[in-house]
Amino acid sequence: MDVVIYHNPACGTSRNALAMIRNALAMIRNAGIEPHVVEYLMTPPSRALVRQMLARAGLSVRDVLREKGTPYAELGLADPALTDDQLLDAVEAHPVLFNRPLVVSPKGVRLCRPSEVVLDLLPPQQGEFVKEDGERVVDESGRRVATA
């Protein structure tokens, strides 16, 4: 299984999603499979790749814009008159505007917010998984824990 995560190591949600990916793939690592981690702030995906991933995920450019901790407001990106191309121009100039983590696997593409959304893209978990903040998302039998 080939899995790609567009990752920001400074983001807890992104770190949790990556940890769940690594946990799920632990059983098949013997086959040499390891997630591809793309630190998108250093190596942003191309405009064509962003369009392809968004199409596969059923998302718009606006759906993956990050507001918090970005120049979103100062660039006026809330303006509904802005086109996808104008929004992509802003993302190319400021990759921090691209929300994360975006994960690609043979099962699809998802913006994994909250991080446990990544479980929909992975083989079944083989044991318990607890997020950095202590929230249990997979039980000891590998079953997803319902959240309130």
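In case you missed it, the structure is sitting above this.
In what follows, the accompanying structure is described. (Residues numbered from 1 in each chain as written. Predicted model: local features only at pLDDT ≥ 70, side-chain atom pairs only at ≥ 80, totals over all residues. Heavy atoms only, no water.)

## Here's the deal with the nonpolar core
One finds Tyr6, Met53, Leu97, Phe98 and Leu102 to be the most contacted residues of the largest nonpolar core, which totals 21 residues. Per-element accounting of this core gives the leading share, 4 residues, to helix α3 (residues 84–93). Once residues within four sequence positions are removed from consideration, leucine 97 is found in contact with Val64, Leu65, Arg66, Thr70, Pro71, Tyr72, Leu75, Leu77, Ala90 and Val91. Judged by nonpolar contacts, the second largest core, of 17 residues, contains Leu18, Ala24, Val117 and Leu121. (Core = buried A, V, L, I, M, F, W, Y, C linked by side-chain atoms within 4.5 Å. Buried < 20%, exposed > 50% of the residue type's maximum accessible area, 1.4 Å probe, protein only. Helix = DSSP H or I, 4+ residues; strand = E, 2+ residues; numbered from the N terminus. Contact = heavy atoms within 4.5 Å.)

## Some points on the side chain of lysine 131
Tracing the backbone shows lysine 131 in the loop between β5 (129–130) and β6 (136–138). At 2.9 Å, the side chain of lysine 131 and the side chain of glutamate 116 are in polar contact. Apart from the residues lying within four places of it in its own chain, the contact partners of lysine 131 are Asn16, Ser115, Glu116 and Val137. (Polar contact = N/O pair within 3.5 Å; in protein donor to acceptor, adjacent residues only side chain to side chain.)

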